[in-house]
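# Inside the fold
So you can see what is in the structure, the chains are spelled out below.
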Amino acid sequence: MSRDELEHAAESIRQAADATSDDETATRLQKQAATFADYAVADRGPDHGQLARHEHILNDIADDEAGAVTSHLADALESISAFRETVEGV
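Remember, predicted model here, so these are calculated numbers, not experimental data. The written sequence of each chain sets the order in which its residues are numbered from 1. Whole-chain, interface and lining totals are the exception, using all residues; otherwise, since this is a predicted model, local features are given only for residues with pLDDT of at least 70 and side-chain atom pairs are given and counted only at 80 or more. Side-chain metrics rest on all non-hydrogen atoms present in the structure, leaving aside hydrogens and water.

### Some words on the packing of aromatic side chains
Rules: Any pair of Phe, Tyr and Trp rings, taking the six-membered ring for Trp, is counted once the centres come within 6.5 Å. Such a pair is stacked with planes under 30 degrees apart, edge-to-face with planes over 60 apart, and tilted for the rest. Helical segments are the DSSP runs of H or I of at least four residues, strand segments are the runs of E of at least two, and each set is numbered from the N terminus. Relative accessibility thresholds used throughout: buried, under 20% of the residue-type maximum; exposed, over 50%; partly exposed, between the two (1.4 Å probe, protein chains only).
Going through the model one piece at a time under the given rule, you end up with one aromatic pair. Taking the centre distance of 5.6 Å and the plane angle of 85 degrees together, the rings of Phe36 and Tyr39 count as edge-to-face. Of this pair, Phe36 and Tyr39 both sit in helix α2 (residues 23–41), separated by three residues, roughly a single helical turn. Overall, the relative accessible area of 13% leaves Tyr39 in the buried class.

This is the structure we're talking about:
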């Protein structure tokens, strides 16, 4: 199972954190980016439920943001979706 998508998601989320002007949003995004970076190197990747929770959080943030933040989050969500297709189960 390739972890490239998780690494790309982490980087896109980091870029979104750098692009936002809101400190609270930046902190939330930095935590999300760190989690995806951890997933990328973990022995076992995230399951569908974990990914769904992250997608929900990132979509909520994207709904409240605009411009570069939204663009970076769209890239991250695309990578998460691509990874999710490789996850067995639901």
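### Brief notes about helix α4 (residues 67–84)
Put simply, the test is: Between the first and last residue of a helix there are one fewer steps than residues, each counted as 1.5 Å, and that sum is the expected span. Here the arc refers to the set of directions running from the helix axis out to each C-beta atom. Whether two residues touch is decided by their heavy atoms; if any such pair falls within 4.5 Å, the residues are in contact.
Relative to the 26 Å expected for 18 residues at 1.5 Å per residue, α4 spans 26 Å between its end C-alpha atoms, a close match to the ideal helical length. What α4 keeps buried is the set Val69, His72, Leu73, Ala76, Leu77, Ser79, Ile80 and Phe83. Buried residues of α4, viewed axially, fall in a sector of 160 degrees; they line one side. In α4, the exposed positions angled more than 90 degrees off the buried face are occupied by Gly67 and Glu78. Against the buried residues of α4 lie α1 (4–19), α2 and α3 (48–64).

### What about α2?
Between its first and last C-alpha, α2 extends 27 Å over 19 residues, near the 27 Å set by a 1.5 Å rise per residue. Looking at α2, one finds that the buried residues are Thr25, Ala26, Leu29, Gln32, Ala33, Phe36, Tyr39 and Ala40. One side of α2 holds all its buried residues, which, seen down the axis, span an arc of 140 degrees. Facing away from the buried side of α2, by more than 90 degrees, are the exposed residues Asp23, Glu24, Lys31, Asp38 and Val41.

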